Amino acid sequence: MSRRAMEQPRRITDSFPRRRRRGPGRPPGRLKDKKDKDKDKVQVKVKVQVRDCPRAPSQPPPDPALLEMLRRFDLSWEYGPCTGITRLQRWERAQELGLSPPGPIRDALLEHRDNPDVTYSLWHEYEL
């Protein structure tokens, strides 16, 4: 038999250098300086850009039942997407497309036209 036939078969791991495993009680790698430990603890905060909407200071808050009805209108995808347009524009687009949006929504939007809590959808403050 040839010498090659007697050798063990080669494995893909044979082409990588072997690393020594650390024994019990040995620290995992080099110790960091105290300054480096403090840097690792700093958390990066993600800031979401939010648009400011004009608010009239004298407006009373809308009825919670009305806001719930408008929230359900925003969350129903059968009337199309609502980002980038007002609720009334979305209602009118749905009406033009024959999607039969609820009539009380339009009445409420026209009645509270100057109130930004009613005019804009849930996601109007977020950038597109």
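Residues numbered from 1 in each chain as written. Predicted model: local features only at pLDDT ≥ 70, side-chain atom pairs only at ≥ 80, totals over all residues. Heavy atoms only, no water.

Engineer: Help me understand the packing of aromatic side chains, please; the structure alone is not making it clear to me.
Structural biologist: Here a ring pair, both rings aromatic, is described through the centre-centre distance and the interplanar angle of the planes. All chains considered together, the criterion is met by one aromatic pair. When the ring centre of Phe73 is taken as reference, the NZ or CZ atom of Arg90 above it lies at 4.7 Å. (Phe/Tyr/Trp six-rings, centres within 6.5 Å; stacked < 30°, edge-to-face > 60°. Lys NZ or Arg CZ within 6 Å of the ring centre and 35° of its normal.)

Engineer: Just to check I follow, could you spell out unusual backbone geometry for this structure?
Structural biologist: Leaving glycine out, the prevailing phi sign among residues is negative, and the prevailing peptide bond configuration is trans. At Ser100, a position not held by glycine, the phi torsion is positive, near 55°. Mapped onto the secondary structure, Ser100 falls in the loop between α4 (87-96) and α5 (103-111). (Helix = DSSP H or I, 4+ residues; strand = E, 2+ residues; numbered from the N terminus.)

Engineer: When you look at the pattern of salt bridges in this model, what are you seeing that I'm missing?
Structural biologist: A full pass over the atoms with the stated rule returns three salt bridges. Of the charged contacts in the structure, one is a salt bridge between Glu68 and Arg72, with a shortest N-O distance of 3.6 Å. With Glu68 and Arg72 both in helix α3 (residues 64-75) and four residues apart, this pair spans about one turn of that helix. For Arg87, the salt bridge identified is with Asp74, shortest N-O distance 2.6 Å. Placement of the pair is Arg87 in helix α4 and Asp74 in helix α3, with a sequence separation of 13 residues. Judged on exposure class, the residue Arg87 and its partner Asp74 are both buried. (Salt bridge = Lys/Arg side-chain N within 4 Å of Asp/Glu carboxyl O. Buried < 20%, exposed > 50% of the residue type's maximum accessible area, 1.4 Å probe, protein only.)

Engineer: I'm lost on a nonpolar patch on the surface in this one. Help?
Structural biologist: Where nonpolar side chains cluster on the molecular surface, the patch consists of Leu75, Leu122, Trp123 and Tyr126 and spans about 340 Å² of accessible area. Tracing the backbone through its elements, the reader meets Tyr126 in the segment after α6 (116-119). Here Tyr126 falls in the partly exposed class, since its relative accessible area comes to 40%. (Patch = residues over 30% accessible without salt bridge, like charges linked within 9 Å, V, L, I, M, F, W, Y side chains within 5 Å. Areas by Shrake-Rupley, 256 points an atom, 1.4 Å probe, with all protein chains shown as cover.)

Spatial relationships are all this shows, so hold off on functional conclusions.
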